Amino acid sequence: MTRIAFLGLGHMGLPMAKNLVAAGHEVHGYDVVPAADEAARAAGIPIAESGAAAVSDADVVITMFPAGKHVIAAYQEELLAAAKPGTLFIESSTIAVDEARTAHGLAVSAGHRNIDAPVSGGVVGAENGTLAFMVGGSDDDFAEALPLLEAMGKRIVHCGGPGLGQAAKVCNNMILGISQIAVAEAFVLGERLGLEHQALYDVVSQASGQCWALTTNCPVPGPVLTSPANRDYQPGFAGALMAKDLGLALQAIEGTGTEARMGRLAEQIYATFADGDGAGRDFSGIITDIRDAG
């Protein structure tokens, strides 16, 4: 049994923490949002009075925060100083690659260990323990973290050194954002050509256009009963989060001098979507903006 401090108990963090408890680990939580703390208490997870108190006796600290600035501030202001020497920090937020490397450097300088381990799979994956983890860090730290990640996820890939888990995540979500736009555009084009949604789905899902954005996250009601389109685009994975992730992709594109014209365009499209009514809708709801545009 490992004593774990889990910081960030929102829509993703709480089910992840619950899966660790179910696997037999001792989990103590903390969130700056009182409602999240209350939900965790109701699920049987003890809540500390502060982040520092949560990590003080922990063997492993897992963070799931909204943005990189929150990770770095928490590390600098309380967590690293409060943790026992040699604590393993698992950073599972989705943040920029350079922020992940900054967090790693801060942890190591303070006498701790750190891996970046962002996730893919959304709230459903967190609840079902089927998340994918993309991990950056040393071989030894990855090996120690692996049993914990396996309690929360189904596929865990060691991508290389510090920051490379975040690098894999940003590349994956750039592909996802682009492909979701392409699928939505194809359905709008099909509508205007007179194709029924089901007919187009039946063709493409068994042809070379097949992809996750179609067969799992189909942007029109009907063909995939479990897709957000059948529940008025309730996320799922919200448009605001896709806009954030594509913003991180854009930072990486510009930082590396990569051409990536489709990635740049997808970032613009989702930024507009999130600025409108798409922030709290599933990102597959981008189809509504595409319909309205022409």
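Our subject is the structure listed above.
Here is what the cut-offs are and how they apply
- Sequence order as written defines residue numbering, which begins from 1 separately in each chain.
- Only residues with pLDDT of at least 70 are given local features in this predicted model, and only at 80 or more are side-chain atom pairs given and counted; all residues enter the totals for whole chains, interfaces and linings.
- Side-chain numbers come from the whole structure's heavy atoms, not from hydrogens or water.
- Numbering of helices and strands runs from the N terminus; a helix is a DSSP stretch of H or I covering at least four residues, while a strand is a stretch of E covering at least two.
- By definition, residues are in contact when any of their heavy atoms lie within 4.5 Å.
- The definition of a nonpolar core used throughout is a set of buried Ala, Val, Leu, Ile, Met, Phe, Trp, Tyr and Cys residues joined through side-chain atoms within 4.5 Å.
- Between buried and exposed lies partly exposed: a residue is buried under 20% and exposed over 50% of the maximum accessible area for its type, with that area taken using a 1.4 Å probe on protein chains only.
- Salt bridge criterion: a side-chain nitrogen from Lys or Arg within 4 Å of a carboxyl oxygen from Asp or Glu.
- Axis definition: a line fitted to C-alpha atoms, over the contacting stretch in the case of helices. Angles run 0 to 180 degrees between N-to-C directions.
- In this scheme, roughly parallel covers angles under 35 degrees and roughly antiparallel covers those over 145, while 65 to 115 is roughly perpendicular and the rest are oblique.
- Handedness of a helix crossing follows the sense of rotation of the near helix relative to the far helix, less than a right angle counterclockwise being left-handed and clockwise being right-handed.
- Think of it as three bins: nonpolar holds Ala, Val, Leu, Ile, Met, Phe, Trp, Tyr, Cys and Pro, charged holds Asp, Glu, Lys and Arg, and polar takes everything else, Gly as well.
- What a helix should span is 1.5 Å times the count of its residues minus one.
- A pair of strands counts as paired when DSSP detects no fewer than two bridges linking them.
- With its strands directed away from the observer, a crossover is right-handed exactly when the path from the first strand over the helix to the second travels clockwise.

So, on to the side chain of Gln-166. Tracing the chain through its elements places Gln-166 in helix H8 (residues 164-193). Once residues lying within four places of it in the same chain are set aside, the contact partners of Gln-166 are Glu-91, Ser-93, Thr-94, Ile-95, Val-97, Ala-100, Asp-116 and Pro-118.

Of note, the amide linkage connecting Pro-235 to Gly-236 takes the cis form, showing an omega dihedral of 10°. With respect to the helices and strands, Gly-236 occurs in the loop between helix H10 (212-215) and helix H11 (239-256).

Moving on, we come to the nonpolar core. Ranked by size, the top nonpolar core spans 32 residues in total, and within it Phe-6, Met-16, Leu-20, Ile-90 and Phe-133 carry the most contacts. The set of elements that each furnish at least two residues to this core consists of strand E1 (3-7), helix H1 (13-22), helix H2 (34-42), strand E3 (60-63), strand E4 (88-91), strand E7 (131-136) and helix H7 (139-152). In terms of residue count, the dominant contributor to this core is H7 (6 residues). Each residue touching Ile-90, except ones within four places of it in the same chain, is listed here: Val-60, Val-61, Ile-62, Thr-63, Ile-115, Ala-117, Ala-145, Leu-148 and Leu-149.

Within the fold, Asn-19 resides in helix H1. You can call Asn-19 buried: its relative accessible area is 16%. Through-space distance from the C-alpha of Asn-19 to that of Pro-228 is 24 Å; in sequence the pair is 209 residues apart. Once you skip the residues sitting within four places of it in the chain, Asn-19 turns out to touch Ala-126, Glu-127, Asn-128, Gly-129 and Ala-151.

For the rest of this paragraph, the subject is the pattern of salt bridges. When their charged atoms lie close together, side chains carrying opposite charge are able to pair. One pass over the full model with this rule turns up 8 salt bridges. The salt bridge partner of Arg-3 is Glu-26, with a shortest N-O separation of 2.6 Å. Pair noted here: Arg-3 is in strand E1 and Glu-26 is in strand E2 (residues 26-30), with a separation of 23 residues, a long-range link. Under the relative-accessibility criterion, Glu-26 is labelled partly exposed at 26%. Between Glu-259 and Arg-261 there is a salt bridge, with the nearest N and O atoms lying 3.5 Å from each other. By relative accessible area, Arg-261 is classed as exposed at 64%. Residues joined in a network through salt bridges with shared partners are Arg-113, Asp-141 and Glu-144.

What follows deals with the packing of H1 against H7. Across the interface, H1 lies against H7 with an axial gap of 8 Å and an inter-helix angle of 115°. Looking at the two axes, H1 sits roughly perpendicular to H7. Note that H1 runs across H7; the crossing there is right-handed. Between H1 and H7, the contacting residues are Met-16, Asn-19 and Leu-20 on the first element and Leu-148, Ala-151 and Met-152 on the second. Per-class residue counts for the contact of H1 with H7 are 5 nonpolar, 1 polar and no charged.

Between its terminal C-alpha atoms H11 stretches 26 Å, which fits the 26 Å expected from 18 residues at 1.5 Å a residue. Among the structural elements, H8 and helix H12 (261-275) are those in contact with the buried residues of H11. Note on H11: the residue one or two positions beyond its end, Gly-257, has a positive phi of about 70°.

The subject of this paragraph is the packing of H12 against helix H13 (residues 286-293). Running from amino to carboxyl end, H12 crosses H13 at an angle of 95°, the nearest separation of the two axes being 10 Å. Taken as axis vectors, H12 and H13 run roughly perpendicular relative to one another. Counted together, Ile-269, Tyr-270 and Phe-273 of H12 and Ile-286, Thr-288 and Asp-289 of H13 form the full contact between these two elements. For the contact of H12 with H13, the residue count by class is 4 nonpolar, 1 polar and 1 charged.

All right, on to H13 then. Residues of H13 that are buried: Ile-286, Ile-287, Thr-288 and Ile-290. Contacts made by the buried residues of H13 are with H8 and H12.

Below, the discussion takes up the pairing of E3. Every second residue of E3 is oriented toward a common face, with Val-60 and Ile-62 on one face and Val-61 and Thr-63 on the other, all of them buried. As paired strands, E1 and E3 are joined by 4 bridges and run parallel to one another. Counterpart to Ile-4 in the pairing with E3 is Val-60. A crossover links E3 with its parallel partner E4, the connecting element being helix H4 (residues 68-82), and its sense is right-handed.

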